[in-house]
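# Observations on the three-dimensional arrangement
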Amino acid sequence: MRLLSLLGLLQTHRDWSGAELAERLGVSTRTVRRDVDRLRELGYPVNATAGAPGYRLGAGSRLPPLLLDDDEAVAVAIGLRTGAGGTVAGLEEVCVRALAKLEQVLPARLRHRVDALKAVTVPLPLGGPAVDPGVLSAIAGAAWARESLRFDYRSHDGTPSRRTAEPYRLVHSGRRWYLVGWDVERRDWRTYRVDRLTLRTPNGPRFTPRPLPADDLAAYTSHRIASAPYRYQGRFTVHGPAAAVSELMTATSGAITPIDENTCMVLTGSDSLDELALWVGRLGFRFETHEPPELVEHVRALGERLLGR
């Protein structure tokens with residue numbers, strides 16, 4: 001447990017003197033030196049700070065063994081079980097192999113917790129398109145290095161195009177992966193479905209980061225994919241708590257903005273006015289239609305027909 005605590009302190013990416021570590025851990029500096037040597041024997045590259053009696057965790061040439069506490073071990077096991085049925089192509093088998101290795105060394109008390117969760121959990125397949133983990137890694141690496149990406153892209157109607165974009169964030173909706181980036185040619189923010197893009201090599205030039213288009217990129221992406229691509233963008237005031245309305249919707253079907261504790265604004269899109277009208281009606285709450293103008297009249301006419309007038 002002391003080694004875990006020491007490793008946790010070193011992973012804060014700062015220089016620690018032996019005296020500081022000793023005080024934090026409640027041991028002598030001699031014990032700290034012994035524990036640092038044990039971490040090094042396990043493969044953790046603990047570097048001595050030049051010019052000062054201190055320590056810093058560096059990058060190694062091989063993966064050291066993981067030191068996990070009980071809750072971390074259970075969390076990793078559950079995450080691997082989830083990944084075995086996820087939306088990243090090729091990771092299912094890798095997750096199963098890693099889970100098998102972990103379960104072999106889990107103490108009986110932890111294995112019981114993981115098995116109990118497995119016994120009462122029924123996975124519901126999401127059915128979204130799988131993406132290549134190499135593509136996700138390449139996008140993440142380019143975003144980290146501030147390198148623009150060049151790729152071929154298929155729009156929702158199948159139209160092909162060649163794009164150059166500055167990558168900023170990857171967003172996972174539960175079924176699909178999206179890239180939020182700045183489109184260089186169109187000079188605007190765009191949301192790309194990762195399963196529809198094919199990366200070209202090499203990457204483009206480095207770029208200077210721009211302010212993100214929104215503080216909440218999850219809500220921004222939800223709005224972009226739920227309404228922006230469609231012919232009609234419906235805006236409704238729904239007389240129901242945002243939390244209750246969100247339980248009836250997916251992240252990709254609409255964007256919800258609370259107005260007060262009993263009312264919220266809902267934005268969604270469709271290529272059909274009938275579909276928009278029926279969709280909001282199925283939520284089960286009283287609502288007002290604001291946009292587009294033709295939808296307002298369409299909902300009124302549909303209501304009259306449903307009442308037999």
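Everything quoted here is computed from the prediction, not taken from an experiment.

With 14 residues, helix H11 (residues 293-306) ought to run about 20 Å at 1.5 Å a step, and its terminal C-alpha atoms sit 20 Å apart, in line with that. Of the positions making up H11, those classed as buried are Leu 295, Val 299 and Leu 302. Summarising the axial view, the buried residues of H11 lie within an arc of 65°, below the 170-degree limit, and thus occupy one face. If you follow the buried residues of H11, they end up packed against strand S9 (232-238), helix H10 (273-281) and strand S12 (287-291).

Let's shift gears to helix H4 (residues 70-83). In a regular helix each residue adds 1.5 Å, so 14 residues correspond to 20 Å; H4 covers 20 Å between its end C-alpha atoms and thus fits that length. Those residues of H4 lying buried are Ala 73, Val 74, Ala 77 and Leu 80. Along the axis of H4, the buried positions cluster into a sector of 125°, meaning they face one direction only. Facing away from the buried surface of H4 by more than 90 degrees, the exposed residues are Asp 71 and Thr 82.

Attention now moves to the packing of H10 against H11. Viewed as axis vectors pointing N to C, H10 and H11 meet at an angle of 65°, and their least axial separation amounts to 10 Å. The angle between H10 and H11 falls in the class roughly perpendicular. As for the relative orientation of H10 and H11, their crossing is right-handed in sense. Across the interface between the two elements, Leu 273, Asp 274, Leu 276, Ala 277 and Leu 278 from H10 touch Glu 294, Leu 295, His 298, Val 299, Leu 302 and Arg 305 from H11. Residues that form the contact of H10 with H11 fall into these classes: seven nonpolar, one polar and three charged.

Bringing the pattern of salt bridges into the picture now. Tallied over the entire structure, the rule returns 15 salt bridges. Across the salt bridge formed by Arg 40 and Asp 37, the nearest N and O atoms sit 3.5 Å from each other. Remark: Asp 37 and Arg 40 occur in helix H3 (residues 29-42); sequence separation between them is three residues, near one turn of the helix. Classification of Asp 37 as partly exposed rests on a relative accessible area of 38%. With a shortest N-O distance of 2.8 Å, Glu 297 and Arg 300 are connected by a salt bridge. One end of the pair is Glu 297 and the other is Arg 300, both in helix H11 and three residues apart, which spans about a single turn. On the accessibility criterion, Glu 297 (44% relative accessible area) is partly exposed. Taking relative accessible area as the criterion, Arg 300 reaches 47% and is therefore assigned partly exposed. Linked through salt bridges whose partners overlap, the residues forming this network are Asp 152, Arg 162 and Arg 200.

Calculation criteria
- Residues numbered from 1 in each chain as written.
- Predicted model: local features only at pLDDT ≥ 70, side-chain atom pairs only at ≥ 80, totals over all residues.
- Heavy atoms only, no water.
- Helix = DSSP H or I, 4+ residues; strand = E, 2+ residues; numbered from the N terminus.
- Expected span 1.5 Å × (residues − 1).
- Buried < 20%, exposed > 50% of the residue type's maximum accessible area, 1.4 Å probe, protein only.
- Arc of directions from axis to C-beta.
- Contact = heavy atoms within 4.5 Å.
- Axes fitted to C-alpha atoms, helices over the stretch in contact; angles between N-to-C directions.
- Parallel < 35°, antiparallel > 145°, perpendicular 65-115°, else oblique.
- Left-handed = near helix turned anticlockwise from the far one by under 90°.
- Nonpolar A, V, L, I, M, F, W, Y, C, P; charged D, E, K, R; others polar.
- Salt bridge = Lys/Arg side-chain N within 4 Å of Asp/Glu carboxyl O.

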